[in-house]
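Overview (structure and organization)
Single-letter residue listing:
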Amino acid sequence: MSELATRLARSTLSLCQIPSPIGEERLIADHVERWALEHFPRREVFRQGHSLVLGSLLDARPTVALVGHLDTVPAHPNDREPRIEGERIFGLGSSDMKGGLAVMMALAEDLPRAELPVNLVVVLYEREEGPYLESGLGPLFDTRPELKRVKFGIAMEPTDGVVQVGCVGSLHVTLRFKGRSAHSARPWQGENAIHKAGPLLAHLLALPRREVVQGAFSFFEVMNITKASGGRARNVIPEAFELNLNYRFAPGKSVQQAQQDVRELVGDVAELEFTDLAPSGRVCADNPLFQELMALTGLPAASKQAWTDVARFSELGVDAVNFGPGETAQAHQANESAPIPALAVAYEKLATFLRNAG
């Protein structure tokens, strides 16, 4: 391995050795803050809770933000200790996304930030792995409205080294079917709430994905039942049944339009309660800095068929993409791992972009 890859692997390992499951980010935020105070002027280190903004947001140069979350999903019972084996690093968060964090920190250390053609800012936040409204990124925008001056954001989520553009929105809704209990030997005396869901479930089973093209990138709108709950005894006709419907919708569609899609699908067969509403992210193929990123690095680009905080940036008028060294298939896995060579590739591609863009 190269000296750069070895350095980034060791940095990633040290970050993985600091547990930071969602809601327990204090230790890693303390670690990053101590590091930041060694490499940024004190006035450029802002912390709120366990989220940080590093760098100036008032610079005259166009601002590029490297963005990432400090938390991980909760540990798996069978996870082993963080370690390096061959050309892979193992540890919770190695792909999602402490490898990306290590790359961000190394770039901020190494690049002559005052001499770059763009103004480099690092944004790190807590509670990404939970509901949209609980993310630490929202409060950062509330207290640091200058973040809206960012011209281009790069969220270093795992992308297998591909620049992923836009993102689908995500809507969760509880569907409640009501019936009337009875003895299961005499079902005609009641009304089976689970059976009432049958036609809708059959419709969803046959419903094809819907392709939507935005800026030459294809996204797929899909609806899936992800949880079901009902029945209270084996010999009782169930009087209530609940389903969780998850709708992933394409960029260009608002949350309100997505809600209407669900209402039209369900009609009056069930009561609806929308429980988590996350917007889609804009495809920023027309952003000059995105175009420079692609031209300077030669990286491939694809659509983001998932939700990320690119959507939150989009809502505030900031164009952003996803690009990181982690592997998407490793995110949230037991004994999570990441490829070490990819860390160096991400560093070199972003360094090329930051040194020459603007």
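Each remark here, short or long, concerns the structure printed above.
Reference entry: report on the structure contained in this document.

Bringing the side chain of Glu-336 into the picture now. Mapped onto the elements, Glu-336 comes out in the loop between strand 15 (320–322) and strand 16 (337–339). Within the buried core, Glu-336 has no salt-bridge partner, and the shortest N-O distance to an opposite charge, that of Arg-88, equals 8.9 Å. Among the polar contacts listed, one links the side chain of Glu-336 to the backbone nitrogen of Ser-95, at a separation of 2.9 Å.

The terminal C-alpha atoms of helix 2 (residues 26–39) lie 20 Å apart, and with 14 residues this matches the ideal 20 Å at 1.5 Å per residue to within 8%. For helix 2, the set of buried residues is Ile-28, Ala-29, Asp-30, Val-32, Glu-33, Trp-35 and Ala-36. Those residues of helix 2 that are buried lie in contact with helix 1 (3–16), strand 1 (45–48), strand 2 (51–54), helix 3 (94–110) and strand 6 (119–125).

This part takes up unusual backbone geometry. Note the cis peptide between Asp-96 and Met-97, where omega equals -5°. The phi angle at Arg-127 is positive, at roughly 60°, despite the residue not being glycine. The topology assignment puts Arg-127 in the loop between strand 6 and helix 4 (137–143). Of the residues examined, Arg-127 reaches a relative accessible area of 28% and is grouped as partly exposed. If you check the backbone angles, Asp-160 has positive phi at about 60° while not being a glycine. One can find Asp-160 in the loop between strand 7 (152–155) and strand 8 (163–165).

A word on the packing of helix 1 against helix 3. Put simply, helix 1 and helix 3 touch, their axes get as near as 9 Å, and they point 125° apart. For the element pair helix 1 / helix 3, the angle class is oblique. Once helix 1 is placed against helix 3, the crossing between them reads as right-handed. Contacts from Arg-7, Leu-8, Ser-11, Thr-12, Leu-15 and Cys-16 in helix 1 reach Ser-94, Lys-98, Gly-99, Leu-101, Ala-102, Val-103, Met-105, Ala-106, Glu-109 and Asp-110 in helix 3. Considered class by class, the residues forming the contact of helix 1 with helix 3 number 8 nonpolar, 4 polar and 4 charged.

Helix length check: helix 10 (residues 340–356), at 17 residues, gives a terminal C-alpha distance of 25 Å against a target of 24 Å (1.5 Å per residue), a fit within 8%. Within the span of helix 10, buried status applies to Ile-340, Leu-343, Ala-344, Ala-346, Tyr-347, Leu-350, Ala-351, Phe-353 and Leu-354. Positive backbone phi, at 100°, marks Gly-358, one or two positions downstream of helix 10.

So, on to the packing of aromatic side chains. Applying the stated criterion to the full structure yields 6 aromatic pairs. The interplanar angle of 35° and the centroid separation of 6.3 Å between the aromatic rings of Phe-177 and Phe-241 together place this pair among those described as tilted. Residue Phe-177 is located in strand 9 (residues 169–178), and its partner Phe-241 is located in strand 12 (residues 240–249); the two are separated by 64 residues in the primary sequence. Each member of the pair Phe-177 and Phe-241 is classed as buried.

Consider a sheet: its strands pair through backbone hydrogen bonds, and that pairing is either parallel or antiparallel. Spatial ordering of the open sheet is given by 4-5-16, a layout of 3 strands whose pairing is antiparallel. In the strand order of this sheet, the two ends are held by strand 4 (83–85) and strand 16, each with one partner. Neighbour-to-neighbour, the strand axes of the sheet open up by a mean angle of 25°, direction not taken into account. Most of the contacts of helix 10 go to strand 16, to which it runs at about 55°, and overall it touches strand 4, strand 5 (88–90) and strand 16.

Turning our attention to the nonpolar core. Core analysis: the biggest nonpolar cluster contains 65 residues, and Val-103, Phe-152, Ile-154, Val-163 and Phe-353 have the highest contact counts within it. The contacts of Phe-152, once residues within four sequence positions are left out, are Thr-63, Val-64, Ala-65, Cys-284, Asn-287, Leu-289, Phe-290, Leu-293, Asp-319, Val-321 and Phe-353. In terms of nonpolar packing, the next biggest core, distinct from the first, is built from 19 residues, Leu-171, Val-173, Phe-177 and Ala-258 among them.

Under the defined criterion, the tally for this structure stands at 22 salt bridges. Salt bridges sharing partners connect three or more residues here, namely Arg-26, Asp-30, Glu-33 and Arg-47.

A separate point is the environment of Glu-87. Following the sequence through the fold, Glu-87 ends up in the loop between strand 4 and strand 5. The sequence separation of Glu-87 and Glu-315 amounts to 228 residues, and the corresponding C-alpha distance is 39 Å. Aside from chain neighbours lying at most four places away, what touches Glu-87 is Met-1, Ala-338, Pro-339, Ile-340 and Pro-341.

Remark: helix 1 packs on helix 10, axes separated minimally by 8 Å, with the N-to-C direction vectors making an angle of 110°. Between helix 1 and helix 10, the interaxial angle falls into the category roughly perpendicular. Counting all contacts with helix 1, which are made through Leu-4, Ala-5, Leu-8, Ala-9 and Thr-12, the residues of helix 10 involved are Ile-340, Leu-343, Ala-344, Tyr-347 and Glu-348. Of the residues in the contact of helix 1 with helix 10, the class split is 8 nonpolar, 1 polar and 1 charged.

What counts and what doesn't
- Residues numbered from 1 in each chain as written.
- Predicted model: local features only at pLDDT ≥ 70, side-chain atom pairs only at ≥ 80, totals over all residues.
- Heavy atoms only, no water.
- Helix = DSSP H or I, 4+ residues; strand = E, 2+ residues; numbered from the N terminus.
- Buried < 20%, exposed > 50% of the residue type's maximum accessible area, 1.4 Å probe, protein only.
- Lys, Arg positive; Asp, Glu negative; His and termini not counted.
- Salt bridge = Lys/Arg side-chain N within 4 Å of Asp/Glu carboxyl O.
- Polar contact = N/O pair within 3.5 Å; in protein donor to acceptor, adjacent residues only side chain to side chain.
- Expected span 1.5 Å × (residues − 1).
- Contact = heavy atoms within 4.5 Å.
- Axes fitted to C-alpha atoms, helices over the stretch in contact; angles between N-to-C directions.
- Parallel < 35°, antiparallel > 145°, perpendicular 65-115°, else oblique.
- Left-handed = near helix turned anticlockwise from the far one by under 90°.
- Nonpolar A, V, L, I, M, F, W, Y, C, P; charged D, E, K, R; others polar.
- Phe/Tyr/Trp six-rings, centres within 6.5 Å; stacked < 30°, edge-to-face > 60°.
- Pairing = 2+ DSSP bridges.
- Core = buried A, V, L, I, M, F, W, Y, C linked by side-chain atoms within 4.5 Å.

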